[in-house]
Amino acid sequence: MSNVLVLNTGSSSIKYQLFDMGRRAVLASGLLERIGEEASRLSHRTEGADPVVVDRRVADHREGLVAIFEAFGPSSGLADGLAAIGHRVVHGGQRFSAPAVVDDEVVEAIREQVPLAPLHNPGNLLGIETARAAFPATPQVAVFDTAFHRTMPPRAYRYALPRDLSSRLRIRRYGFHGTSHAHVARKAADLLGRPLPVVNLITMHLGNGASVAAIAGGRSVDTSMGLTPLEGLVMGTRSGDLDPAIVFYLHREAGLSFDAIDTLLNKESGMKGLTGANDMREVERRAGGGDATAREALDLYCYRIRKYVGAYAAALGRVDALVFTAGVGENSPVVRAGVCEGLEWFGVRVDGARNQARSGQPRAVSTDDSTVPVLVVPTNEELEIAEQTLAAIATPLPR
Ligand code: ADP
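Note that this is a predicted model, so its numbers are computed, not measured.

**Student:** Let's hear about the site of the ligand: which residues, and what values?
**Tutor:** Around the ligand sit 13 residues in total, of which N208, D279, M280, G327 and N331 are the nearest. For the ligand, an oxygen atom lies 3.1 Å from a polar atom in the backbone of N208. The contact in question runs from an oxygen atom of the ligand to an N or O atom on the backbone of M280, over 3.0 Å. About the coverage of the ligand: the protein hides 70% of its 580 Å² of free accessible area. Elements with a minimum of two residues in the shell around the ligand: α10 (280-288) and α12 (326-331). In terms of residue class, the shell around the ligand is made up of 3 nonpolar, 7 polar and 3 charged.

Right under this line is the structure:
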């Protein structure tokens, strides 16, 4: 029995993949959207078959999981039994530095992190509780987006705020996308042909959300997201770094409430705020057509990343590779070239043809004489969660 179900439960959606870990193969996958709305939709795909779409109202997460289990059907890998269920949990706070085998106490500890991630942890918890009720005999493992960054030293994670206040309210940099940074770091070391503990990497996860991590010998030593995923890079709809006084200014001068500012910075800013489009393909299309606003936004997006590369090169002292991943990082030669432009002094040389070539494989897009290789490594957060889940049930880790 080597099947692992990975659940990524949001407030109104459930994404899932069923893996045969013997073959590292996806047996089935799908997405249930708009839970609680009139028009919920389940798209389910079984390996080697056409996707099936079911449109019907799904009132809550419990009904959602039932609908998903029905979609698997009687002959699916689900019916053969599961080795474990792995859950993506966004915020593990200061408590979790590794995946945790779920029990009542772990559920409570995840609940304690809700104030730190009010939009994410409640959905993740619902997924865990519903799956525990449906599969009481199956081990469940929580895998945290923040855990990989728990190795950051105080100089990287501490904000310069009064200590008592930070400590009472648990204010510090946590970082996110940890599962992805960890996954691509390992793959990048493989591609370089060197053991992970001896390589220093700067990994750039550029999706709708985006973050950079400085990784020394396989351990995260700094990352661009902070207490929440708002800090750092320019993202699809998030502003990234700002002068914090802008928040007070918006409140005083524009009369915006703090909730309205929260929405503005998280949902209406970034590329969407700059250009009206949060999809990088659209921004690139407009920039290619000569749209000056889109060009400037693209330049700003790449420049912000480049500044972090410079900062993390200084933090690491030696960089063995730059690694691009996620939707934009894997698919956009324009962004990769834009980020690396001007980094020649630092030994970075992008090869035009390699950078343009499309591939789903880990690969180098730098020239053979580039002192610092530039790699593209597809991320696979679900497979990483499945692997960490199996590892956690094999050797329950101390918490
Ligand atoms: P998330 O998991 O954070 O929702 P993804 O990692 O799937 O996001 O990345 C989504 C982003 O990737 C979108 O902004 C999309 O425009 C971008 N993207 C996907 N394909 C391309 C491409 N060929 N060129 C540029 N951007 C792309």
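**Student:** Kindly report on the sheet that holds strand β9 (residues 200-206), identifying the contributing residues and their values.
**Tutor:** Reading across from one edge, β11-β10-β9-β12-β14-β13 is the order of the 6 strands in this open sheet, with mixed pairing throughout. Whereas interior strands pair on both sides, the edge strands pair on one side only; in this sheet they are β11 (219-223) and β13 (363-364). Sitting on the sheet, helix α6 (residues 178-192) touches β9, β10 (210-216), β12 (321-325), β13 and β14 (374-376), and the angle it makes with β9 is about 130 degrees.

**Student:** Can you break down the environment of A188 residue by residue, with the values?
**Tutor:** Here A188 is to be found in helix α6. Since its relative accessible area comes to 0%, A188 is described here as buried. Spatially, the C-alpha atom of A188 lies 9.3 Å from that of T203, the residues being 15 residues apart in sequence. If sequence neighbours within four positions are ignored, A188 has contacts with L201, V323, L375 and V377.

**Student:** Describe the nonpolar core, listing the residues and the values that go with them.
**Tutor:** Formed by 42 residues in total, the largest nonpolar core has its most connected members in I202, M204, L206, Y301, V309, L322 and V335. For this core, the element with the highest residue contribution is helix α11 (residues 292-316), accounting for 11 residues. Ignoring anything within four residues of it in the chain, the contact list for M204 reads S211, V212, I305, V309, L322, V323, F324, T325 and V339. Formed by 20 residues, the second largest nonpolar core is a distinct cluster that contains L7, I35, L42 and L82.

**Student:** Quick rundown of the pairing of strand β6 (residues 84-89)? Include the residues and the values.
**Tutor:** Buried residues dominate β6, accounting for 5 of its 6 residues. Where β6 lies against strand β8 (residues 140-144), 5 bridges are found, and the strand directions are parallel. In the strand pairing of β8, I85 is matched with Q140.

**Student:** Describe the packing of aromatic side chains, naming the residues involved and giving the relevant values.
**Tutor:** Taken as a whole and judged by the stated rule, the model has 5 aromatic pairs. The interplanar angle of 50 degrees and the centroid separation of 5.7 Å between the aromatic rings of Y16 and F72 together place this pair among those described as tilted. Of this pair, Y16 sits in strand β2 (residues 14-20) while F72 sits in helix α1 (residues 61-72), and the two are 56 residues apart along the sequence. Given the relative accessible area of 3%, Y16 is considered buried. Ring geometry for Y308 versus Y312: centroids 5.6 Å apart, planes at 70 degrees, classification edge-to-face. Taken together, the positions of Y308 and Y312, both in helix α11 and 4 residues apart, correspond to about one turn of that helix. For Y308, a relative accessible area of 13% gives the class buried.

**Student:** I'd like a rundown of the environment of R286, residues and numbers included.
**Tutor:** With respect to the helices and strands, R286 occurs in helix α10. When neighbours within four sequence positions are excluded, R286 is seen to be in contact with T275, A277, D291 and A294.

**Student:** Break down empty space enclosed by the protein for me, citing the residues and quoting the values.
**Tutor:** Applying the stated criterion to the full structure yields 2 cavities of 30 Å³ or more. Put simply, the second largest cavity is a space of about 30 Å³. Lining the second largest cavity are L32, S40, R41, L42, V54, R56, V58 and A67. For the lining of the second largest cavity, the per-class residue count stands at 5 nonpolar, 1 polar and 2 charged.

**Student:** I'd like a description of unusual backbone geometry, backed by residues and values.
**Tutor:** Positive phi, close to 60 degrees, is recorded for R34, a residue that is not glycine. Within the element layout of this structure, R34 appears in the loop between β3 (25-33) and β4 (41-46). Phi is positive for H177, close to 60 degrees, though the residue is something other than glycine.

**Student:** An account of the sheet that holds β4 is requested, with residue identities and associated values reported.
**Tutor:** Spatially, 8 strands are ordered β5-β4-β3-β2-β1-β6-β8-β7 in an open sheet, and the strand pairing comes out mixed. Looking along the sheet, the strands with just one partner apiece sit at the ends: β5 (52-55) and β7 (100-101). The pairing of β3 with β4 spans 6 bridges and is classified as antiparallel. Residue pairing across strands places A28 opposite T46, the latter belonging to β4.

Reading the values: the criteria
Residues numbered from 1 in each chain as written. Predicted model: local features only at pLDDT ≥ 70, side-chain atom pairs only at ≥ 80, totals over all residues. Heavy atoms only, no water. Near = heavy atom within 4 Å. Polar contact = N/O pair within 3.5 Å; in protein donor to acceptor, adjacent residues only side chain to side chain. Areas by Shrake-Rupley, 256 points an atom, 1.4 Å probe, with all protein chains shown as cover. Helix = DSSP H or I, 4+ residues; strand = E, 2+ residues; numbered from the N terminus. Nonpolar A, V, L, I, M, F, W, Y, C, P; charged D, E, K, R; others polar. Pairing = 2+ DSSP bridges. Contact = heavy atoms within 4.5 Å. Axes fitted to C-alpha atoms, helices over the stretch in contact; angles between N-to-C directions. Buried < 20%, exposed > 50% of the residue type's maximum accessible area, 1.4 Å probe, protein only. Core = buried A, V, L, I, M, F, W, Y, C linked by side-chain atoms within 4.5 Å. Phe/Tyr/Trp six-rings, centres within 6.5 Å; stacked < 30°, edge-to-face > 60°. 1 Å grid on protein atoms, 1.4 Å probe; cavity = no way out; pocket = protein on both sides within 12 Å on 5 of 7 lines; lining within 4 Å. Points joined across faces, edges and corners; volume = space filled by probe spheres on them.

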